[in-house]
Amino acid sequence: MRTCETLLDDQSGCLQVYRNWWPNAEAWMQDCVENLPWEQSRVRVYGQEHPIPRLEAWLGDVGVRYGYSGQTRIMNGWPAHWQPLLNAVGQQANSDFNFALANWYRNGADRMGWHADNEAELGSNPTVATLSFGDARDFRLRRNDNHRETLTVTLNPGDLLVMSGAMQHHWQHSLPARAKAEDRISLTFRRVMA
């Protein structure tokens, strides 16, 4: 396994980053852009519906159901050439992932707001692994009980970030807008409980 930077490891959770973890990040970025079923979902905020500020694609084991932002999706399987990637991420994160949400941030205005991956179908202490392709972006975290306590991790192409333990109970994370940023894709792997 590759060298790990442990940024947090206490009762509030574990946060680890593996730098330059996945080879050929540029080729994988292009493959994702060209071959994933991208769509722009909509979200209701204060009674009004808005397009989310990024594109999404949903992948997972056949029949897996995942609810997110008021939507429930049923997965149709993985692209065949993804199996080595899925196996490697699962081995590194010590988790048997069966679902991935891909997010395509097309420019610096595309973003993800503060949230936790705390949906019931992920279990009580889910492991979530995020693999980054494309432009570097800041992944920000803040404590639920003290928003002034924060962490910022710049994720570069091929970096793998793993959140585990009680992270989703104690921390929220976001990907803020960034001036002059270019395309970035993140693949966020999860284990959805049946």
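A few points on the structure. These numbers come from a predicted model, not from an experiment.

### Topic: the sheet that holds strand S2 (residues 13-18)
Backbone hydrogen bonds are what pair the strands of a sheet, in a parallel or an antiparallel way.
Then, in step 1: Strands sit in the order S1-S2-S13-S10-S15-S8-S5 across an open sheet of seven strands; the sheet is antiparallel. Both edges of this open sheet fall to strand S1 (5-10) and strand S5 (55-60), since each of them pairs with a single strand only. Adjacent strand axes in the sheet meet at a mean angle of 15 degrees, parallel and antiparallel pairs treated alike.
Then, in step 2: Pairing of strand S8 (residues 99-105) with strand S15 (residues 184-190), which is carried by seven bridges, proceeds in the antiparallel orientation. Each bridged residue has a counterpart across the sheet, and for Ala100 the counterpart in S15 is Phe189.
Then, in step 3: Across the sheet, helix H2 (residues 83-93) lies against S2, strand S10 (128-134), strand S13 (160-164) and S15, angled at about 65 degrees from S15, the strand it touches most.

### What about the environment of Arg191?
Then, in step 1: Examined against the element boundaries, Arg191 turns out to sit in the segment after S15.
Then, in step 2: When its relative accessible area of 30% is taken as the criterion, Arg191 is described as partly exposed.
Then, in step 3: When the C-alpha positions of Arg191 and Gly60 are compared, they lie 9.5 Å apart, and in sequence the two are 131 residues distant.
Then, in step 4: Setting aside anything within four residues of it in sequence, one finds Arg191 in contact with Ser95, Asp96, Phe97, Asn98, Glu121 and Leu122.
Then, in step 5: Within the structure, Arg191 has its side chain in polar contact with the backbone oxygen of Asp96 (distance 3.0 Å).

Thresholds, definitions, all that
- Residues numbered from 1 in each chain as written.
- Predicted model: local features only at pLDDT ≥ 70, side-chain atom pairs only at ≥ 80, totals over all residues.
- Heavy atoms only, no water.
- Pairing = 2+ DSSP bridges.
- Helix = DSSP H or I, 4+ residues; strand = E, 2+ residues; numbered from the N terminus.
- Axes fitted to C-alpha atoms, helices over the stretch in contact; angles between N-to-C directions.
- Contact = heavy atoms within 4.5 Å.
- Buried < 20%, exposed > 50% of the residue type's maximum accessible area, 1.4 Å probe, protein only.
- Polar contact = N/O pair within 3.5 Å; in protein donor to acceptor, adjacent residues only side chain to side chain.

Note that all results are geometric; they support no functional claim without further evidence.
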